[in-house]
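Overview (structure and organization)
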Amino acid sequence: MYDVTIIGAGPAGISASLYTKRANLNTLVLYNDKSGLEKAEKIENYYGFENGIDGESLYNTGISQTKKLGVEIKKEEVLKIEIAENGFEVTTTKNTYTSKTVIIATGNKKNMPKIKGIKEFEGKGVSYCAICDGFFYRGKDVAVLGNGNYAISETNDLINLAKQITILTNGKEVPSIRAENVKVIPKEIREVRGEERVEEIEFEDNSKLKIDGIFIAEGTAGTKEFAKKLGILTNGDKIIINEKMETNIPGIYACGDCTGGLLQISKAVYEGATAGLEVIKYLKNKRRKEK
Amino acid sequence: MSVLRITNNNFEEEVLKAEGPVIIDFYADWCGPCKMMSPIIDSIAEEINNAKVGKINVDEAQDLAAMYNVMSIPTIIIFKDGKPYKKFVGVTSKENILNELN
């Protein structure tokens, strides 16, 4: 079991790992997607770089710095975080890890698809969590929007509940999945429609599909998906934290762009450092209580 | 006040015919995020006396969940004069709920 699992390898996640590893905590960093930092062409307002630095170099240096310190860092897509006995379970496409604490540093990348009707029908047939809401679609026809590992994972959570599952790739590549009640429609989507609740999907070629619900699972799971599934309080898509970077769930911390505010490296580094230090204190207190 | 357990049997009496607002938490035992909502609901019940606070287990009262279009849990509905007045889908803060009562 890890003492701390950090999700995200940008300035917030890496800073947190530098502190937890130096305090001898068994630290795991998981990352997958490109960090927001990598996209920054040139950073000229960060302390210590008089000629500026490009985002990709800074990002890669951060990763190599934490590796050098001996932090275990793995490029694996995180599918879900769940509460388990004495901590948490973090499932990736390759493994399941158990950890006493989790630091979410997943940035502010949004998965929100720009399809008409999705926002409007949130909670009225549009869902972001198969494991939480699948119950309401027992014996019904549902769609899963997406085509990656996360969409497959959501589909698997619905297979034994829903009558028919249609994976909608919205024009993207068709994933490979075989199950009796799963089919794939690769057509582009025009609109999600209904009266009081979701009733049908209309495609760009004017064809329609009757459904009772649609689960949004485009791209990889991120801040919003993890928060919804765990029950972390958010303000919009931003995780609500206190000055210790604690979320409403004891043992789960958040830092960096995923908590909103200034989208700056300096702020992410500060929050990452704080989260790391607070995890150290939290585990120390926990050990003391257990004695 | 303590949190009321609302079922098909007492829904009409406790919610529809109630004087003043009623805050209802639709939940299930298997639902992870509902466990995070639960302490928030308990603390609201302890703190206020101008509204009733209750919980509905959607496994036991599926028709009540369906009647109010609950398709995701936790869902919090504030009833006023027997009618849904405000709905929160997903875990929401104590402040958000209390703000709707004032």
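Everything quoted here is computed from the prediction, not taken from an experiment. (Residues numbered from 1 in each chain as written. Chains lettered and ligands numbered in written order. Predicted model: local features only at pLDDT ≥ 70, side-chain atom pairs only at ≥ 80, totals over all residues. Heavy atoms only, no water.)

1. Side note on the pairing of strand β9 (residues 164-168) of chain A
Residues and elements named next belong to chain A. Burial runs high along β9: four of the five residues are buried. The parallel pair strand β8 (residues 141-145) and β9 is bridged by helix α4 (residues 149-158), and the resulting crossover is right-handed. Relative to strand β10 (residues 182-185), β9 is paired through four bridges, and the arrangement is parallel. The partner of Thr166 across the bridge, within β10, is Lys183. (Buried < 20%, exposed > 50% of the residue type's maximum accessible area, 1.4 Å probe, protein only. Helix = DSSP H or I, 4+ residues; strand = E, 2+ residues; numbered from the N terminus. Right-handed = clockwise from strand over helix to strand, strands pointing away. Pairing = 2+ DSSP bridges.)

2. Structural notes on the interface of chain A and chain B
Tallying the contact residues gives 21 residues for chain A and 18 residues for chain B. Interface of chain A and chain B: buried area, both sides summed, is about 1,500 Å²; carbon and sulfur atoms make up 64% of it. Three residues, Phe135(A), Phe136(A) and Leu233(A), lead the burial of chain A against chain B; their summed loss comes to 34% of the area buried on that side. Viewed at the interface, chain B and chain A are joined by four residue pairs in polar contact (both at pLDDT 80 or more). For the side of chain A that touches chain B, the secondary structure elements donating two or more residues are α3 (130-133) and α5 (223-230) of chain A. Tallied by class, the residues present in the side of chain A that touches chain B amount to nine nonpolar, four polar and eight charged. (Contact = heavy atoms within 4.5 Å. Buried area = accessible area lost by both parts, 1.4 Å probe. Polar contact = N/O pair within 3.5 Å; in protein donor to acceptor, adjacent residues only side chain to side chain. Nonpolar A, V, L, I, M, F, W, Y, C, P; charged D, E, K, R; others polar.)

3. Description of the side chain of Thr66(A)
Residues and elements named next belong to chain A. By secondary structure assignment, the location of Thr66 is in helix α2 (residues 55-68). Looking at Thr66, its side chain comes within polar contact range of the side chain of Ser17, at 2.7 Å. Those residues within four positions of Thr66 in sequence are excluded, and the remaining contacts are Ile14, Ser17, Leu18, Val71 and Ile73.

4. Points about the packing of helix α1 (residues 11-22) of chain A against helix α6 (residues 265-290) of chain A
When two helices pack together, their arrangement is given by the angle between the helix axes and by the axis-to-axis distance. Residues and elements named next belong to chain A. Following both chains from N to C, one finds α1 and α6 inclined at 35°, their axes separated by 7 Å at the closest point. In this structure, the crossing between α1 and α6 has a hand that is right-handed. Contacts from Pro11, Ala12, Ser15, Ala16, Tyr19 and Thr20 of α1 reach α6 at Ile265, Ala268, Val269, Gly272, Ala273, Gly276, Leu277, Val279 and Ile280. (Axes fitted to C-alpha atoms, helices over the stretch in contact; angles between N-to-C directions. Left-handed = near helix turned anticlockwise from the far one by under 90°.)

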